[in-house]
Amino acid sequence: YSNIAAVNNIPKSSMVISPNPASNLINVNFLSSTGGAASMSIFSTSGAIMKNVRIPLNNGDNNLQYDISNFAKGMYYIVITTPDKQVITNNFLKQ
């Protein structure tokens with residue numbers, strides 16, 4: 001048997017990506033119930049990992065900015081996993 005880990009999915013509305021659609025930079029705003037280091041991944045619709053980084057988190061509001069100018073046009077998904085295993089997701093359109 002393997003260990004079972006609980007995953008808390010956070011509603012999509014708790015992460016705001018602006019502008020959306022975007023062409024060069026996106027602002028990612030979300031709430032976290034804990035501080036520490038988290039992981040953030042951006043995936044294409046085909047599942048390719050476009051970016052995978054560790055990010056510092058504040059307990060409460062978090063505001064991040066990312067350059068997406070080198071991404072091809074299309075839909076992308078952002079997944080942030082916090083230290084307490086919250087999974088925050090949303091998507092954006094690169095134009």
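Note that this is a predicted model, so its numbers are computed, not measured.

1. A short note on a nonpolar patch on the surface
Line of reasoning, step 1. Taken together, M75, Y77 and L93 make up a surface patch of nonpolar side chains, about 230 Å² in accessible area.
Line of reasoning, step 2. Residue position: Y77 is located in strand 7 (residues 74-81).
Line of reasoning, step 3. Under the relative-accessibility criterion, Y77 is labelled partly exposed at 35%.

2. Remarks on the pairing of strand 5 (residues 49-57)
Line of reasoning, step 1. Where strand 4 (residues 36-44) meets strand 5, eight bridges bridge the pair, whose relative direction is antiparallel. If you follow F43 over to strand 5, its bridge partner there is I49.
Line of reasoning, step 2. Where strand 4 folds back onto strand 5 in an antiparallel hairpin, the turn is made up of four residues, including G47, whose phi is positive at roughly 95 degrees.

3. Quick word on the packing of aromatic side chains
Line of reasoning, step 1. This structure, assessed with the given rule, holds two aromatic pairs.
Line of reasoning, step 2. Consider the rings of F71 and Y76, whose centres lie 5.0 Å apart with planes at 45 degrees: the pair is tilted. There is no split in this pair, since F71 and Y76 are both buried.
Line of reasoning, step 3. Measuring from ring centre to ring centre gives 5.6 Å for Y76 and F92, while their planes differ by 20 degrees; the resulting arrangement is stacked. Here F92 lies in strand 8 (residues 86-94) and Y76 lies in strand 7, a separation of 16 residues in the sequence.

4. Remarks on the side chain of K94
Line of reasoning, step 1. Tracing the sequence through the fold places K94 in strand 8.
Line of reasoning, step 2. For the buried K94, which has no salt bridge, the nearest side chain bearing the opposite charge is D67, at an N-O separation of 7.9 Å.
Line of reasoning, step 3. Here the side chain of K94 touches S23 through a polar contact of 3.3 Å, landing on its backbone oxygen.
Line of reasoning, step 4. Contact partners of K94, with chain neighbours within four places excluded, come to A22, S23, I68, S69, F71, A72, K73, G74 and Y76.

Thresholds, definitions, all that
Throughout this description, residue numbers start from 1 for each chain and increase along the sequence as written. Only residues with pLDDT of 70 or above have their local features reported here, since the model is predicted, and side-chain atom pairs are shown and tallied only from 80 upward, although totals for entire chains, interfaces and linings are computed over all residues. Side-chain metrics in this entry use all non-hydrogen atoms of the structure; hydrogen atoms and water are not considered. In this scheme, patches are assembled from residues that exceed 30% relative accessible area and form no salt bridge. Like charges are connected within 9 Å, while nonpolar side chains (Val, Leu, Ile, Met, Phe, Trp, Tyr) are connected within 5 Å. Surface accessibility follows the Shrake-Rupley procedure with a 1.4 Å probe radius. Residue values consider only the protein chains on display as shielding. Each reported salt bridge corresponds to a side-chain nitrogen of Lys or Arg within 4 Å of a carboxyl oxygen of Asp or Glu. In DSSP terms, a helix is any run of H or I states spanning at least four residues, a strand is any run of E spanning at least two, and both are numbered starting from the N terminus. Exposure is judged per residue with a 1.4 Å probe applied to protein chains only, and the accessible area is read against the type maximum: over 50% gives exposed, under 20% gives buried, and values in between give partly exposed. Pairing between strands requires that DSSP locate at least two bridges from one strand to the other. We call Phe, Tyr and Trp rings a pair once their centres come within 6.5 Å, taking the six-membered ring for Trp, and we label the pair stacked below 30 degrees between planes, edge-to-face above 60, and tilted otherwise. For the charge count, each Lys or Arg is scored as positive and each Asp or Glu as negative, with His and the chain ends excluded. Residues adjacent in sequence count toward polar contacts only when both atoms are side-chain atoms; beyond that, a polar contact is any pair of N or O atoms within 3.5 Å, and within protein one must be able to donate a hydrogen and the other to accept it. The contact definition used throughout considers only heavy atoms, calling two residues in contact when any of these lie within 4.5 Å.

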